[in-house]
Amino acid sequence: MAKDPKYTAGEVAKLMWLTARMAKRGIASQTVYQGDLERKFERIVDAAREREEHNARTSTSSRKRK
């Protein structure tokens, strides 16, 4: 599994909200579909990873120019 990125405050809030919604659905029933929330969760994590990779590439390329 890939290393977890550092999340922004907005991403943390969204992830917490989705986790709470998944927990609420889980309490309602074990057979409730949660795939939609899991996809949203993964999308946020993937976007954070891409942002970190982009920032890392940008910061290293700006260091080389100096």
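Residues numbered from 1 in each chain as written. Predicted model: local features only at pLDDT ≥ 70, side-chain atom pairs only at ≥ 80, totals over all residues. Heavy atoms only, no water.

Student: Is there a simple way to think about the overall build of the chain in this case?
Tutor: In terms of regular secondary structure, the chain is built from 2 helices and 0 strands. The burial tally for the chain puts 18% of its 66 residues in the buried class. When the accessible surface of the chain is split by element, carbon and sulfur atoms take 58% of a total near 5,500 Å². (Helix = DSSP H or I, 4+ residues; strand = E, 2+ residues; numbered from the N terminus. Buried < 20%, exposed > 50% of the residue type's maximum accessible area, 1.4 Å probe, protein only. Areas by Shrake-Rupley, 256 points an atom, 1.4 Å probe, with all protein chains shown as cover.)

Student: For this particular structure, what's the right way to read the pattern of salt bridges?
Tutor: Overall, the coordinates contain 4 salt bridges when judged by the stated rule. The salt bridge partner of Arg 25 is Asp 36, with a shortest N-O separation of 2.8 Å. Taken as a pair, Arg 25 in helix α1 (residues 9–28) and Asp 36 in helix α2 (residues 35–65) lie far apart in primary sequence, 11 residues in all. Arg 25 gets classed as partly exposed once you look at its relative accessible area, which sits at 21%. Ionic pairing is found between Asp 46 and Arg 49, a salt bridge with its closest N-O pair at 3.4 Å. Residue Asp 46 and its partner Arg 49 are both found in helix α2; the two are separated by 3 residues, about one turn of the helix. Taking relative accessible area as the criterion, Asp 46 reaches 34% and is therefore assigned partly exposed. One connected set of salt bridges, linked through shared partners, spans Asp 4, Asp 46 and Arg 49. (Salt bridge = Lys/Arg side-chain N within 4 Å of Asp/Glu carboxyl O.)

Student: Help me understand the environment of Tyr 7 in this model?
Tutor: Following the sequence through the fold, Tyr 7 ends up in the segment before α1. Taking relative accessible area as the criterion, Tyr 7 reaches 30% and is therefore assigned partly exposed. Remark: the alpha-carbon pair of Tyr 7 and Arg 49, spanning 42 residues in sequence, is separated by 8.9 Å. Apart from residues lying up to four places away in sequence, Tyr 7 is in contact with Val 12, Leu 15, Val 45, Ala 48 and Arg 51. (Contact = heavy atoms within 4.5 Å.)

Student: Hey, could you run me through the nonpolar core in this one?
Tutor: Nonpolar side chains in soluble globular proteins tend to be buried together. Counting residues in hydrophobic clusters, the biggest one holds 6 residues: Leu 15, Leu 18, Met 22, Leu 37, Ile 44 and Val 45. At the level of secondary structure, the elements contributing two or more residues to this core comprise α1 and α2. With near-sequence residues (within four places) excluded, Leu 18 lies in contact with Leu 37, Lys 40, Phe 41 and Ile 44. (Core = buried A, V, L, I, M, F, W, Y, C linked by side-chain atoms within 4.5 Å.)

Such coordinate-based values are descriptive only and should not be taken to indicate function.
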